[in-house]
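Inside the fold
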Amino acid sequence: MHIEPFGVEIWMNAWETQCEWNLAETCVDSLTIGELMELTGANADMLAQLLPMRMSYGDIDGSDRLRRAIAQLYDRQTPERIIVTHGTIGANMLVHKALVGRGDRVVSIVPTYQQHHSIPESLGADVHLLHLRPEDGWLPDLDRLRALVRPGTKLIALTNPNNPTGALIPRAMLDEISAIAREAGAYVLCDEVYRGTDQEGDGRSASMADRYEKGISTAGMSKAFSLAGLRLGWIAAPPEVIAAVSVHRDYDTISVGRIDDHFASVALENAERILARSQRITRTNLQILSDWIDREPLLDWVPPRSGTTAFVRYDLPLTSQEFCLDLLEETGVMFTPGSALGVEGYLRIGFANSTEILREGLARTSVFLARRPRPGTIYAA
């Protein structure tokens, strides 16, 4: 099976351990186990309770406790409509493998997380891309979506909140997308790993699994819940999708780790506290980033409405990879080049690491930008 190299993961693997100031990070500032215990009101007895835990496979689909906690994150889901996976990345892979076959028509937005078009392409699907545009606020153009979604389309793939732009598809638009999918008989897979980080209200956007009878939502512990080290995600979906996923899951998962299941349960039973922390960080840091971009004449953007990343356009005669490599070499600051996400001339900036890292990274980037000639500058001979 041929599959396209995963651009953004190749970039992160190459450079994230070599930078000083990581502004490519996409997780809200990661928690320690001690911080998790403090946030959830647990005491030292919780760690002692792990000592007699037998290191067997545990519950194959995820423990009842964990699936109940996950179901509480949604309006209309039950534990029976939840299956636990190795991260959201595992959830997405399983959905595509379970539903998509050779010749199936799949429509995916771009830019997005590359899984959602490269995996179906590798399976021989007939993949059509809906290019998001900054003039639309990086939201899907529904007329163009209707033109791509024909009768018999198998799957529409979205990320909401969007990676990399931070755009947020509102509830009414989700319902319109559902109507388009319903007419074609298509499933809608919505990668919602950043759900819980909206810049307004309670921070939780509407979920596709709750809005559409053939809606599938994937998410996990990494981004909004600051616990990427647990490597735990899930799928919320109709029963026939859970059944199809289970067949494939037997081949590559069996079960998640019992310790991961335990700590994820503790965290999700206290989801409001953890999400409140995440929202304090993302809302504070996005304002810092916004003020900084206002001061930088070489940069512009559509401000994110959710998520942990911003997609920023720059005005310099450099490819995005050249920009990021030069920045890293001169300042120790790491961004992600837009080319890793299939869009040249842009940078993905992660703003949800610690506020201190963000401030220092942006200050160093300002020095880097100040050394570059402004477009149109004419120098005397």
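Scoring rules and cut-offs
Residues numbered from 1 in each chain as written. Predicted model: local features only at pLDDT ≥ 70, side-chain atom pairs only at ≥ 80, totals over all residues. Heavy atoms only, no water. pLDDT = per-residue confidence, 0-100. Helix = DSSP H or I, 4+ residues; strand = E, 2+ residues; numbered from the N terminus. Salt bridge = Lys/Arg side-chain N within 4 Å of Asp/Glu carboxyl O. Buried < 20%, exposed > 50% of the residue type's maximum accessible area, 1.4 Å probe, protein only. 1 Å grid on protein atoms, 1.4 Å probe; cavity = no way out; pocket = protein on both sides within 12 Å on 5 of 7 lines; lining within 4 Å. Points joined across faces, edges and corners; volume = space filled by probe spheres on them. Nonpolar A, V, L, I, M, F, W, Y, C, P; charged D, E, K, R; others polar. Pairing = 2+ DSSP bridges. Axes fitted to C-alpha atoms, helices over the stretch in contact; angles between N-to-C directions. Parallel < 35°, antiparallel > 145°, perpendicular 65-115°, else oblique. Contact = heavy atoms within 4.5 Å. Disulfide = S-S within 2.5 Å.

1. Observations concerning the confidence of the model for the protein
With 98% of its residues at a pLDDT of 70 or more, the protein shows a mean pLDDT of 96. Averaged pLDDT values for the elements of the protein fall to 82 in helix 3 (residues 45–48) and rise to 99 in strand 6 (residues 187–191).

2. Comments concerning the pattern of salt bridges
Counting across every chain of the model gives 18 salt bridges. For the salt bridge of aspartate 175 with arginine 211, the shortest nitrogen-to-oxygen distance reads 2.8 Å. Of this pair, aspartate 175 sits in helix 8 (residues 171–184) while arginine 211 sits in helix 9 (residues 208–211), and the two are 36 residues apart along the sequence. Among the charged side chains, a network of salt bridges with common partners joins Arg133, Glu135, Asp136 and Asp141.

3. Some points on unusual backbone geometry
Cis geometry is adopted by the peptide bond preceding proline 111, which originates at valine 110 and carries an omega value of 0°. The topology assignment puts proline 111 in the loop between strand 3 (105–110) and helix 6 (115–122). With an omega dihedral of 25°, the bond running from asparagine 163 to proline 164 counts as a cis peptide bond. Along the chain, proline 164 turns up in the loop between strand 5 (155–159) and helix 8. Residues other than glycine seldom take positive phi values, yet isoleucine 254 does so here, at roughly 60°. Mapped onto the elements of the fold, isoleucine 254 is located in the loop between helix 10 (239–252) and helix 11 (258–268). Owing to a relative accessible area of 35%, isoleucine 254 belongs among the partly exposed residues under this scheme.

4. Observations regarding the layout of surface pockets
For the largest pocket, the calculated volume is near 530 Å³. In terms of lining residues, the largest pocket is bounded by 30 residues, among which Glu9, Thr26, Tyr113, Ser222 and Lys223 are the most central. When contributions to the lining of the largest pocket are tallied by element, the ones reaching two or more residues are helix 1 (7–15) and helix 5 (87–99). Residues that form the lining of the largest pocket fall into these classes: 12 nonpolar, 11 polar and seven charged. What the second largest pocket holds in volume is close to 210 Å³.

5. Digging into the sheet that holds strand 2 (residues 82–85)
Here we have seven strands laid out as an open sheet, ordered 2-8-7-6-5-3-4, and mixed in their pairing. Since the sheet does not close on itself, it has two edges, and those belong to strand 2 and strand 4 (126–131), each with one partner. Each strand axis lies, on average, 20° off the axis of its neighbour in the sheet, ignoring direction. Examined bridge by bridge, strand 5 and strand 6 share five bridges and lie parallel to one another. Looking at the pairing, alanine 157 lines up with leucine 189 of strand 6.

6. Re the packing of helix 12 (residues 271–295) against helix 14 (residues 355–370)
Interaxial distance between helix 12 and helix 14 falls to 10 Å at its minimum, and their mutual angle equals 10°. The pairing of helix 12 with helix 14 is recorded here as roughly parallel in orientation. The segment helix 12 lies against helix 14, with Thr284, Asn285, Ile288, Leu289 and Trp292 engaging Thr355, Leu358, Arg359, Leu362, Thr365, Ser366 and Leu369. Of the residues that constitute the contact of helix 12 with helix 14, the class distribution is six nonpolar, five polar and one charged.

7. As for the state of the cysteines
Using the criterion set out here, one finds zero disulfides in the structure. Of all cysteine sulfurs, the one in cysteine 324 lies closest to cysteine 19, which takes part in no disulfide; the gap is 11 Å. Note on cysteine 19: relative accessible area 15%, which makes it buried. Among the cysteines around cysteine 27, which has no disulfide bond, cysteine 19 carries the closest sulfur, lying 14 Å off. On the basis of relative accessible area, cysteine 27 is assigned to the buried category, the value being 8%.

8. A few points about empty space enclosed by the protein
Under the defined criterion, the tally for this structure stands at one cavity of 30 Å³ or more. Here the largest cavity is characterised by a volume of approximately 100 Å³. If you go around the largest cavity, you meet 13 residues; those closest to its centre are Leu73, Arg195, Ala219, Phe225 and Trp234. A per-class count over the lining of the largest cavity returns eight nonpolar, two polar and three charged.

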